[in-house]
Amino acid sequence: MFFLQDQTAFTFSGVLVLGTLGMLFMAVMLVSIVVFHQRKVIRFNKKIQKMEEERQQMLLRASIQFQEEERQRIAADLHDDAGPLLATARLYLNENLIHQEPATQLQSIFSAKQIIDDSIQLIRNISHSLMPPTLKNFGLEAAVKDLFEKINGSGVINASARFHDNRQRLNDEQELLVFRIVQELVTNIIKHSSAGFIHLTQNAQGNIVYFRIHHDGRGILQRDFDKMEHNSAGLGLKNIQSRIRVLKGKIFFEIDNTHTYYKVTIEVPREPIK
Amino acid sequence: MFFLLFKRKSKQKPLRVILFYVLYCIVNEGVSFYLQSLRSQTFITLLNLFTIVEYTFFCYFIYLILPKGSIKKTVPFLWIGFILFAFIDYFFFSITHEFDSIASGIEAIIVLILCMAYLFSQVKGNNSLVVYSTFNFWAVIAFFIYFSGTFFLYLMTDKMRVSVSFQKMYFVINISFNILKNLLLCVAMAMKLNGVVKEQKKVIPDLGDDLFIYQKN
């Protein structure tokens, strides 16, 4: 009887030791899995964060570079065009001091006036390129149509724009950003795609405003755009991306099913007018 | 105890709960030892009471540290359910009023599930801080390891208490896991200490307020 009791106790002790060790092992394993998994997740998150920071850095650099280029262009316009014009006007006016004959004086004053008029026109052009007056005074629809008419008028490319639902306009800041994006896209199409036509369509659905540009030249697709975003090249596209981010919108580069036209679609959520 | 005394100033609730839990464990051990030496039957009641109080401390602690969600909401119900069960078991089913193996076993299962729920929430959550650098994690690990290790022991105590070899084993396993639990709680306290030191470094340095007084004049 005592032997049987001892035997049972021995079996129970074995179960106890094995059970305890098993439970301990499972607990340690579970904790290890949690720790390693969490470390892995943190490493992954850090990597993503780093990539995002690098991308932001690249966009910021592109934005600064774009600003610098814009400044250089304005400086060049002023230096190369306005500078010589004003210097010539000064020469004509100087001539008045030397030649006292009224006929010569009148002639030089007239020439100086002509040159000053040209300078005014030039400065106006520079100012318009910085902030289109049509956009400021009449809004995005008028500005885009004006831009497309000018392109059309140049005879290089067939350009047209149609706004379907612009009853509820975007706010001024959004309109300016959209205009810049359209300008950049159109410039790129003219420069690189050898397209025969560009057509812009605007429409709205709910709180989202859509702009779609069609063209029949060589275009890019979404994957090319995404790739360029991570490259140091493609300054204009980076600027488009930065502006889209500010707008909290989306941009899609696609090709139609017949592979005849490329299309760029911009989605902009309406913000309240300030 | 050194860590506990050192950290007594801290206002964080989970830390306080653990502090009182450890203090209760110490007092309970002392009283149990004294009653055992007197061979008093109150010792068993104290042991049963310990299960309930320990479970209460754990539930409150886990309730404080669990992120908002359905599991957190179930903790109070689990607490009430277990307390009711423990009392019913003690007064109606446990006729001999010996060691409460069933209540201890259920307590261990609930604690292990809640610990796993906490660990799972840490894995799931988007936390940039490594989980093992926090006080909560080490405190949960202390409970997790302790209850995993003593689960079979407490479950078999009621049936095997007369066996001499089991009594020896009970002593060894119980003491070992108690020590391990306290060591892990010490590690938890150390984590908290580091956190406080880091927080103190962030305090804005003295800016020399006399400069502003001079300007006012």
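Predicted model, so just to flag it, every value in this text is computed and none were measured.

K.L.:
What is the right way to read the sheet that holds strand E4 (residues 250-255) of chain A from this model?
P.N.:
Residue and element names in this part refer to chain A. If you trace the five strands from one edge of the open sheet to the other, you get E1-E2-E3-E5-E4, paired in mixed fashion. Only two strands of the sheet have a single neighbouring strand rather than two, namely strand E1 (158-163) and E4. Averaged over all adjacent pairs, the angle separating strand axes in this sheet is 15 degrees, with direction ignored. Sheet topology places E4 next to strand E5 (residues 262-269); six bridges connect them, and they run antiparallel. Within E5, the position partnered with isoleucine 255 by the bridge is tyrosine 262. Helix-sheet contacts for helix H7 (residues 235-247) involve E4 and E5, and the interaxial angle to E4 is about 130 degrees.

K.L.:
Honestly, the side chain of A:Asn166 in this entry has me stumped. Any pointers?
P.N.:
All names here are of chain A. Residue placement: asparagine 166 occurs in the loop between E1 and helix H5 (172-193). We classify asparagine 166 as buried; its relative accessible area is 19%. Only 3.4 Å separates the side chain of asparagine 166 from the side chain of glutamate 141, close enough to count as a polar contact.

K.L.:
Is there a simple way to think about the interface of chain B and chain A in this case?
P.N.:
For interface size, the figure often reported is the accessible area lost on association. Residue-level contacts link 29 residues of chain B with 21 residues of chain A. Carbon and sulfur atoms make up 81% of the surface buried where chain B meets chain A, a total of about 2,200 Å² over both sides. Where chain B touches chain A, the interface holds zero salt bridges. On inspection of chain B and its partner chain A, the count reaches one residue pair in polar contact (both at pLDDT 80 or more). Those elements giving two or more residues to the side of chain B that touches chain A turn out to be helix H5 (101-124), helix H6 (135-160) and helix H7 (164-201) of chain B. Broken down by element, the residue count for the side of chain B that touches chain A peaks at 11 residues, all from H6(B).

K.L.:
Is there a simple way to think about the confidence of the model for chain B in this case?
P.N.:
When pLDDT is low, close inspection of the predicted coordinates is not appropriate. All names here are of chain B. Scored by pLDDT, chain B comes out at a mean of 78, with 79% of its residues at no less than 70. The secondary-structure element of chain B with the lowest mean pLDDT is helix H8 (residues 210-216), recorded at 37, while H5 shows the highest, at 88. Contacts from residues 199-217, a stretch scored under 50 in pLDDT, to residues over four places away or in other chains number zero contacts. Among the scores for the predicted complex, ipTM is 0.75 and pTM is 0.58.

K.L.:
Explain the environment of A:Glu141 here, please?
P.N.:
Residues and elements named next belong to chain A. Counting through the fold element by element, glutamate 141 comes out in helix H4 (residues 140-154). The partly exposed category is assigned to glutamate 141, whose relative accessible area is 25%. Distance from glutamate 141 to glutamate 175, taken between C-alpha atoms, is 9.1 Å for residues 34 residues apart in sequence. Sequence-distant contacts of glutamate 141, defined by excluding residues within four places in its chain, comprise Phe163 and Asn166.

K.L.:
Quick question: what am I supposed to make of the packing of H5(A) against H7(A) here?
P.N.:
Each packed pair of helices is defined by two parameters, the angle between the axes and the distance between the axes. Residues and elements named next belong to chain A. Contact pair H5 / H7: the axes reach a minimum separation of 10 Å and the direction vectors enclose 155 degrees. Between H5 and H7, the crossing angle belongs to the class labelled roughly antiparallel. H7 is crossed by H5, and the crossing has left-handed handedness. In this structure, H5 uses Gln174, Leu177, Val178, Arg180, Ile181, Glu184, Leu185 and Asn188 to contact H7, whose residues at the interface are Gly236, Leu237, Ile240, Arg243, Ile244, Val246 and Leu247. Residue classes in the contact of H5 with H7 are distributed as nine nonpolar, three polar and three charged.

K.L.:
Looking at this model, I keep getting lost on H4(A). Mind explaining?
P.N.:
The α-helix winds at 3.6 residues per turn, so residues separated by three or four positions along the chain end up facing the same way. Residues and elements named next belong to chain A. Its 15 residues place the ends of H4 21 Å apart at the C-alpha level, agreeing with the 21 Å of an ideal helix rising 1.5 Å per residue. Inspection of H4 places Leu140, Ala143, Val144, Leu147, Phe148 and Ile151 among the buried residues, and these make up the whole buried set. Across the axial projection of H4, the buried residues extend over an arc of 130 degrees, all falling on one side. Set apart from the buried face of H4 by more than 90 degrees, the exposed residues are Glu149, Lys150 and Gly153. On its buried face, H4 is in contact with helix H3 (133-138), E1, H5, strand E2 (197-205) and strand E3 (208-215). Immediately beyond the C-terminal end of H4, within one or two residues, lies glycine 155, with a positive phi of roughly 80 degrees.

Rules and cut-offs
The written sequence of each chain sets the order in which its residues are numbered from 1. Each chain gets a letter, beginning with A, and each ligand a number, beginning with 1, in the order they are written. Local features in a predicted model are, by the rule used here, given only for residues with pLDDT of at least 70; side-chain atom pairs are given and counted only at 80 or more, and totals for whole chains, interfaces and linings are based on all residues. To get the side-chain values, take all heavy atoms of the structure and skip hydrogens and water. Two strands qualify as a pair provided DSSP detects at least 2 bridges between them. Runs of E in the DSSP output that reach at least two residues are strands. Runs of H or I that reach at least four are helices, and both are numbered from the N terminus. To obtain an axis, a line is fitted to C-alpha atoms, over the contacting stretch when the element is a helix, and the angle between two such axes runs from 0 to 180 degrees between their N-to-C directions. Whether two residues touch is decided by their heavy atoms; if any such pair falls within 4.5 Å, the residues are in contact. Exposure classes here rest on a 1.4 Å probe applied to the protein chains alone. A residue is buried below 20% of its type maximum, exposed above 50%, and partly exposed in between. For this analysis, a polar contact is any N or O atom pair within 3.5 Å, provided that within protein one partner can donate a hydrogen and the other can accept it, and provided that sequence-adjacent residues contribute only side-chain to side-chain pairs. Once two parts are joined, some of their accessible surface, as seen by a 1.4 Å probe, is lost; buried area is that loss totalled over both. Criterion for a salt bridge: a side-chain nitrogen of Lys or Arg within 4 Å of a carboxyl oxygen of Asp or Glu. For every residue, the predictor reports its confidence as pLDDT, a number between 0 and 100. Here the angle decides the label: under 35 degrees means roughly parallel, over 145 means roughly antiparallel, 65 to 115 means roughly perpendicular, and every other value means oblique. Crossing handedness is read from the near helix: turned anticlockwise from the far helix by less than a right angle, it gives a left-handed crossing, and turned clockwise, a right-handed one. Polar here means any residue other than Ala, Val, Leu, Ile, Met, Phe, Trp, Tyr, Cys and Pro, which are nonpolar, and Asp, Glu, Lys and Arg, which are charged; Gly is therefore polar. Here a helix's expected span is defined as the number of its residues, less one, multiplied by 1.5 Å. Here the arc refers to the directions that run from the helix axis out to each C-beta atom.

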